[in-house]
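One letter stands for each residue in the lines below.
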Amino acid sequence: MMMQSILKQPHNFASVCEGGVRPSTVRKRPGAFRGLAKHILLTAYFVSLCFAHTSDAQEQLAVELSPMVTQLLEDDLLTDEQRREAMIFHGQWESLGDLSPWEQLALDAARHVPSAMIDPDSFQKATLFVPPNADRETKKRINSKAIISASKILYQSGNPKKVPIPAGDFIILIEKPKWAVLNAKAAESLGDFPTAIGLLKPIREQAQQDTDVLITAEDLTAAAEAVLMLARLEGRPAADFHLANKLLSKAREEADPLYWPAYVAEAELLFAKGNPQQAMNAVGQALSLNPKSSEAWYLFGSMRCRFFDFEAANRAVKELHAINEEHPLADVLAVEIALRQKDVARAQEVIGPALERYPSHRKLLAMNAAVQAMTYDVGAMDGAVARFAELAPGNPLAEFMIGRSMSDARQYKIAEGHLQTVIEMMPGWSEPQLTLGEVYVQWGKLEKAAEQLQTASSLDPFHKGINNQLMLVQEMLGYAVIKSDQFLVRYLPGVDEVLARDVALHMGEMVEQFIERFQHDPPAITQVDLMPDDQHFAVRITGMPSIWTIAACTGDVIAMTPPRPGPKRAYGPYNWLNVMGHEYAHVVNLSQTDNRVPHWFTEGCAVNMETTGRLWSQYELLADCYNTGRLFEYDEINWGFIRPTEPYHRPLAYAQSAWIKEYIETVFGWDKAIAMLNLYQQGVGEHETIKQVFGIEVDEFMAGFMAWAGDQVEAWGMTTHGTKPEDVVLAALLSNEGIANADIETLTKASQDHPDRPELLKHLTEKVLLIENKELAFEIIKQYQEKRPVDPWADRQLARLALEAGDSETAIAALKNLDKIEGNTPEYAVELARVYRSRKDYDNALHYAERALLREPYNAIYRETAATIAIQRKDLERAAFHVESLAILEPDRIIHQKRLAAIYTKLGDAEKADTVHERIKLLDLPNNN
């Protein structure tokens, strides 16, 4: 799947550009940048433009340092010490040369490198970091910076207990918001919430008073972080949203537009409130001011990961590794990505070595609990949770990561339990409240979802994601419902009732095929949510109004957009029954394996259950990849879905998965596929499943598949036999100019000399048709079809020639093939219905009239044709079904009501006929036909 990147949306720089910077309110920044206010005044507008011309994730990742930062670093007003400090702050440390001890600590903190210099007992010893002959003020300033850097390093590496408390000359640090926030984070990571709250409350009080105490960008940003952290700890995220936003705006616009941590904090705030577009803009601004900001790169990657943009997220991992080869945030992000992709093996590869390096890192420990949960090893998961709780008693992060990962894995019952635990531990934290609401939405429990999301909204009314989901759920609770024994179909009242009726009818007729095929009848009713447009569908699936597909299965629930053009619809007609068959195969597979079926296996099952055959483009892809040695190895197939590195990888993953399933059924029998599903349900791994079912190792299994695949490609007439000397001559003939100048005799001889090049027969057909020799063309097309039976080109030519010649039998055979494999167009089904109707074969005529409606269920002309044929077939119930749909599509046309009344009368349903007659009276107005 390809989601339209949020990065492609226009960026909003209003927060920086509107009104510019107000000179009358700018304050000088004490310390390193004192005296530079005149330069800072110029920066806001230029900084806002740094990312204005980027269009996608890769371009945004190609970050360049803002010219205004370069100008700052070259300014003559800076002392050498100030310039070096600024170079570290803005990520330009490569040319610094020898570093002083406090500079080294600052650099280690920026790079998240554990420092050998750190000894908590020596933090109060001024002589450790102070330059020779320094005065008292210099001692305080340098050692204050060194203590904060060292404390950050300890916290970042998972040692919050070792964060020192200043004393003596450095007691002033306690009054600094940055120091308080750092210590509050340490206390929270230890599960000591009362201490964290006590540290943060004085800062919020200062911020609320709007005094001149908070002046610098550093203090304002730290105060905003304090306010937001305190709001979460106290359960009041909405109350202080505007205050935090005000503080960050003041930091950026008034105090120092070059202070990149303010942009990172703003991005975190915006993303936490469900505003990813502006959050991405803020991250971009931060990276333009410091291209080596670990915090900005991690946030970028984490945001892209949540929106399935794994290419950009992995690029962020690479950037973090460039900053620090053993960067803990790179490990955290890599595990996040793997868990989001359900790639447990990759997550395990990363988390083990990462915890060896940082055994007390709280986020890594929490992620490890989620990784263990994804292995379905309850003992290992409980052990990981216990390890985290030992270091951070009362902190719910590990439980939350489990809950979120289980939700992503469609393990809704497990996710529900862990998220409820999180909410009990920290009832004021809105994110788990939202996540649990999303679980209920995906689970199809809309009443519970509405209640849960309402609770989340009351905590955080400014969160767009919560509000989007809540509004959608409340709307969906008002949708109309059609219920059968197997399905519950929800739809927005209006024209979509037509599709809802079709879904209930046709899927009900197909269910037995799935039950028989997979030997499993899902115990729960499958819910089908017909979303009126792309935005509704996207919010239904992801919580955000942007997505890249038309249907999705989330367990016992299938969501789908309608196959019709219109506002907020990117897709036009498509074969909705084909799509529903694909998604319902997932419903069955997930149900029978407790959601443990491997990705490739369920996709192979789903593709094989589609009502269309393999597309020509898929034949071409499979043959080309076989001929060039680019088919996936067994362990690579899932990567094609979750970590594609080439544009063709994802479509190949779908096609090859279905091909392997075809191989299993053809060579070993379908019962082997059922045996594999049973083992998956028991939690048996993929390699072991192959060994138990087929009695061979994976390598031998794939070798057998490759041999069989080669025979298939040969049968398709698509094998490449290698380069031969005469290929040069043939290539010249097959060039545009060569074909244009070739005559029939030349092409005939070439096709005879090169029987392995069926495309020559295509060109020969075109030449023959130019001289209007249709009989000869027909013979050549049949030759081509024998050599390459999977190419629909032959059927298209045969259908056209046969219809022109009045050869209905040949035309019907060709049109049937085309209707099956070119599933999104109704034209072949329409023509088949016409041909069969002309032959008075009303059974087949109705079948194909309804197949046309599978692509365009809202087409009144097709619907009327189906109703007419049903009457000719003497199937009044089916005729009534289609005329009822016509009455929905065209409610003002009285003719539909009259026909419906007549049909009900013939069926002996006087009550329905009387109801329709009443409607006719209301519609029977002049000029109404």
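Residues numbered from 1 in each chain as written. Predicted model: local features only at pLDDT ≥ 70, side-chain atom pairs only at ≥ 80, totals over all residues. Heavy atoms only, no water.

## Comments concerning the overall build of the chain
Now for step 1: Looking only at helices and strands, the chain features 47 helices and 5 strands.
Now for step 2: In the chain, 64% of the contacts between residues at least 6 apart in sequence involve partners at least 24 apart.
Now for step 3: For the chain, the accessible surface area stands at approximately 39300 Å², while carbon and sulfur atoms represent 51% of it. (Helix = DSSP H or I, 4+ residues; strand = E, 2+ residues; numbered from the N terminus. Contact = heavy atoms within 4.5 Å. Areas by Shrake-Rupley, 256 points an atom, 1.4 Å probe, with all protein chains shown as cover.)

## Here we look at the pattern of salt bridges
Opposite charge on two side chains lets them pair, provided their charged atoms get close.
Now for step 1: Counted according to the given criterion, the structure contains 46 salt bridges.
Now for step 2: Salt-bridge contacts for glutamate 831 lead to arginine 834; the nearest nitrogen and oxygen are separated by 2.4 Å. Placement of both glutamate 831 and arginine 834 in helix H42 (residues 827-838) is noted, with a separation of 3 residues, approximately one turn of the helix.
Now for step 3: According to the relative accessible area criterion, arginine 834 is partly exposed, its value standing at 46%. (Salt bridge = Lys/Arg side-chain N within 4 Å of Asp/Glu carboxyl O. Buried < 20%, exposed > 50% of the residue type's maximum accessible area, 1.4 Å probe, protein only.)

## Side note on helix H45 (residues 876-889)
Now for step 1: In a regular helix each residue adds 1.5 Å, so 14 residues correspond to 20 Å; H45 covers 20 Å between its end C-alpha atoms and thus fits that length.
Now for step 2: Burial in H45 covers these residues: Arg878, Ala879, Ala880, Phe881, His882, Val883, Glu884, Ser885, Leu886, Ala887, Ile888 and Leu889.
Now for step 3: Of the surrounding elements, those touching the buried residues of H45 are helix H25 (496-518), helix H43 (842-855), helix H44 (860-872) and helix H46 (894-907). (Expected span 1.5 Å × (residues − 1).)

## Describing the pairing of strand S1 (residues 480-483)
For a regular strand, the rule is simple: side chains alternate between the two faces of the sheet.
Now for step 1: As defined by bridge partners, S1 adjoins strand S2 (residues 487-491) across 4 bridges and the pair is classed as antiparallel. Each residue of the ladder has a partner; that of lysine 483, found in S2, is leucine 488. (Pairing = 2+ DSSP bridges.)

## So, the packing of helix H22 (residues 430-443) against helix H23 (residues 446-459)
Now for step 1: Remark: H22 packs on H23, axes separated minimally by 8 Å, with the N-to-C direction vectors making an angle of 160 degrees. Of the possible angle classes, the one that applies to H22 and H23 is roughly antiparallel. By crossing handedness, the relation of H22 to H23 is classed as left-handed. The segment H22 lies against H23, with Ser430, Gln433, Leu434, Leu436, Gly437, Tyr440 and Val441 engaging Leu446, Lys448, Ala449, Gln452, Leu453, Thr455, Ala456 and Leu459.
Now for step 2: Among the residues making up the contact of H22 with H23, the classes are represented as 9 nonpolar, 5 polar and 1 charged. (Axes fitted to C-alpha atoms, helices over the stretch in contact; angles between N-to-C directions. Parallel < 35°, antiparallel > 145°, perpendicular 65-115°, else oblique. Left-handed = near helix turned anticlockwise from the far one by under 90°. Nonpolar A, V, L, I, M, F, W, Y, C, P; charged D, E, K, R; others polar.)

## Focus on the confidence of the model for the chain
Now for step 1: This prediction gives the chain a mean pLDDT of 85; 86% of its residues lie at or above 70.
Now for step 2: Scored below 50 in pLDDT, residues 1-60 shows 123 contacts in the model against residues more than four places distant or in partner chains.
Now for step 3: This model gives residues 122-127 a pLDDT under 50, and the stretch forms 16 contacts once residues within four places in sequence are excluded. (pLDDT = per-residue confidence, 0-100.)

## Section: the pairing of strand S3 (residues 526-530)
Now for step 1: In terms of burial, S3 is largely enclosed, as 5 of its 5 residues are buried.
Now for step 2: Judged by which residues are buried, S3 turns out to be covered on both faces: Thr526, Val528 and Leu530 on one side and Gln527 and Asp529 on the other are all buried.
Now for step 3: The sheet contact formed by S2 and S3 spans 5 bridges and is parallel. Bridging across to S3, phenylalanine 487 finds its partner in threonine 526.
Now for step 4: Crossover connection from S2 via H25 to parallel S3: handedness left-handed.
Now for step 5: Bridge analysis of S3 against strand S5 (residues 557-560) gives 4 bridges, and the strand direction is parallel. Residue pairing across strands places valine 528 opposite isoleucine 558, the latter belonging to S5. (Right-handed = clockwise from strand over helix to strand, strands pointing away.)

## What to know about the side chain of arginine 501
Now for step 1: Examined against the element boundaries, arginine 501 turns out to sit in helix H25.
Now for step 2: Of the residues examined, arginine 501 reaches a relative accessible area of 14% and is grouped as buried.
Now for step 3: Here the side chain of arginine 501 touches glutamate 884 through a polar contact of 3.1 Å, side chain to side chain.
Now for step 4: Beyond its immediate chain neighbours, meaning those up to four positions away, arginine 501 contacts Ile482, Phe881, Glu884, Ser885 and Ile888. (Polar contact = N/O pair within 3.5 Å; in protein donor to acceptor, adjacent residues only side chain to side chain.)

## So, the environment of glutamine 519
Now for step 1: Summarising the element assignment, glutamine 519 is placed in the loop between H25 and S3.
Now for step 2: Leaving out residues up to four positions away in the same chain, glutamine 519 has contacts with Phe514 and Ile674.

## Re the packing of helix H21 (residues 412-425) against H22
Now for step 1: The geometry of H21 relative to H22 is characterised by a closest axis approach of 9 Å and an angle of 160 degrees between their N-to-C directions. What the angle tells us is that H21 and H22 run roughly antiparallel. As for the relative orientation of H21 and H22, their crossing is left-handed in sense. In contact with Tyr412, Lys413, Ala415, Glu416, Leu419, Gln420, Val422 and Ile423 of H21, H22 contributes Pro432, Gln433, Thr435, Leu436, Val439, Tyr440, Gln442 and Trp443.
Now for step 2: Split by residue class, the contact of H21 with H22 holds 10 nonpolar, 4 polar and 2 charged.

## A few points about helix H37 (residues 744-753)
Now for step 1: Residues of H37 that are buried include every one of Leu747, Ala750 and Ser751, and no others. Down the axis of H37, the buried set is contained in an arc of 95 degrees. They therefore lie on one face. Exposed side of H37, more than 90 degrees from the buried face: Glu745, Lys749 and Gln752 are the residues found there. (Arc of directions from axis to C-beta.)

## What to know about the sheet that holds S2
Now for step 1: On the basis of which strands lie adjacent, the open sheet formed by 5 strands has the order S1-S2-S3-S5-S4 and mixed pairing. What marks the edges here is a single partner per strand, and that holds for S1 and strand S4 (551-553). Going from strand to strand, the sheet's axes swing by 15 degrees on average, the running direction of each strand aside.

## Regarding the nonpolar core
Now for step 1: Judged by nonpolar contacts, the single largest core of 140 residues is most densely connected at Leu200, Leu233, Leu247, Val283, Trp297, Val335 and Leu339.
Now for step 2: No other element matches helix H10 (residues 217-234), which puts 10 residues into this core.
Now for step 3: When sequence neighbours within four positions are dropped, the list of residues in contact with leucine 233 reads Glu188, Phe193, Ala196, Ile197, Leu200 and Met426.
Now for step 4: Counting residues in each nonpolar core, the second largest holds 82 residues, with Met507, Tyr584, Leu631 and Trp670 among its members. (Core = buried A, V, L, I, M, F, W, Y, C linked by side-chain atoms within 4.5 Å.)

## Concerning unusual backbone geometry
Now for step 1: The residue lysine 840 is not glycine, and still its phi comes out positive at about 60 degrees.
Now for step 2: With respect to the helices and strands, the residue lysine 840 is situated in the loop between H42 and H43.
Now for step 3: Judged by its relative accessible area of 61%, lysine 840 is exposed.
Now for step 4: A positive phi angle, near 65 degrees, is found at lysine 874, a position not held by glycine.
Now for step 5: Looking at the secondary structure, you find lysine 874 in the loop between H44 and H45.
Now for step 6: A relative accessible area of 71% means that lysine 874 is categorised as exposed.

## Quick look at the side chain of arginine 614
Now for step 1: With respect to the helices and strands, arginine 614 occurs in the loop between helix H28 (599-608) and helix H29 (616-627).
Now for step 2: Side chain to side chain, arginine 614 and glutamate 662 meet in a polar contact 2.7 Å long.
Now for step 3: With residues up to four places along the chain from it excluded, the contact list for arginine 614 reads Tyr619, Leu622, Trp659, Glu662, Trp716 and Ile821.

## Considering the environment of glutamate 451
Now for step 1: The topology assignment puts glutamate 451 in helix H23.
Now for step 2: Taking relative accessible area as the criterion, glutamate 451 reaches 59% and is therefore assigned exposed.

## Quick word on the packing of aromatic side chains
Now for step 1: Evaluation of the coordinates by the stated rule reveals 29 aromatic pairs.
Now for step 2: An angle of 75 degrees between the planes, with centres 5.4 Å apart, marks the rings of tryptophan 600 and phenylalanine 601 as edge-to-face.
Now for step 3: Owing to a relative accessible area of 0%, phenylalanine 601 belongs among the buried residues under this scheme.
Now for step 4: A ring pair is formed by phenylalanine 705 and tryptophan 708, whose centres lie 6.2 Å apart and whose planes are at 35 degrees; its orientation type is tilted. Of this pair, phenylalanine 705 and tryptophan 708 both sit in helix H34 (residues 698-716), separated by 3 residues, roughly a single helical turn.
Now for step 5: The class of phenylalanine 705 is buried, set by a relative accessible area of 0%.
Now for step 6: Taken together through their ring pairs, the aromatic side chains of Tyr619, Trp659, Tyr663, Phe668, Phe694, Phe701, Phe705, Trp708 and Trp716 make up a single cluster. (Phe/Tyr/Trp six-rings, centres within 6.5 Å; stacked < 30°, edge-to-face > 60°.)

## Topic: the environment of tryptophan 260
Now for step 1: By the secondary structure assignment, tryptophan 260 is in helix H12 (residues 260-272).
Now for step 2: Accessibility expressed as a relative area gives 11% for tryptophan 260, which makes it buried.
Now for step 3: Along the backbone, tryptophan 260 and leucine 287 are 27 residues apart, and their C-alpha atoms lie at a distance of 7.6 Å.
Now for step 4: For tryptophan 260, the contacting residues outside a window of four places in its chain are Phe89, His90, Ala286, Leu289, Asn290, Ser293 and Glu295.

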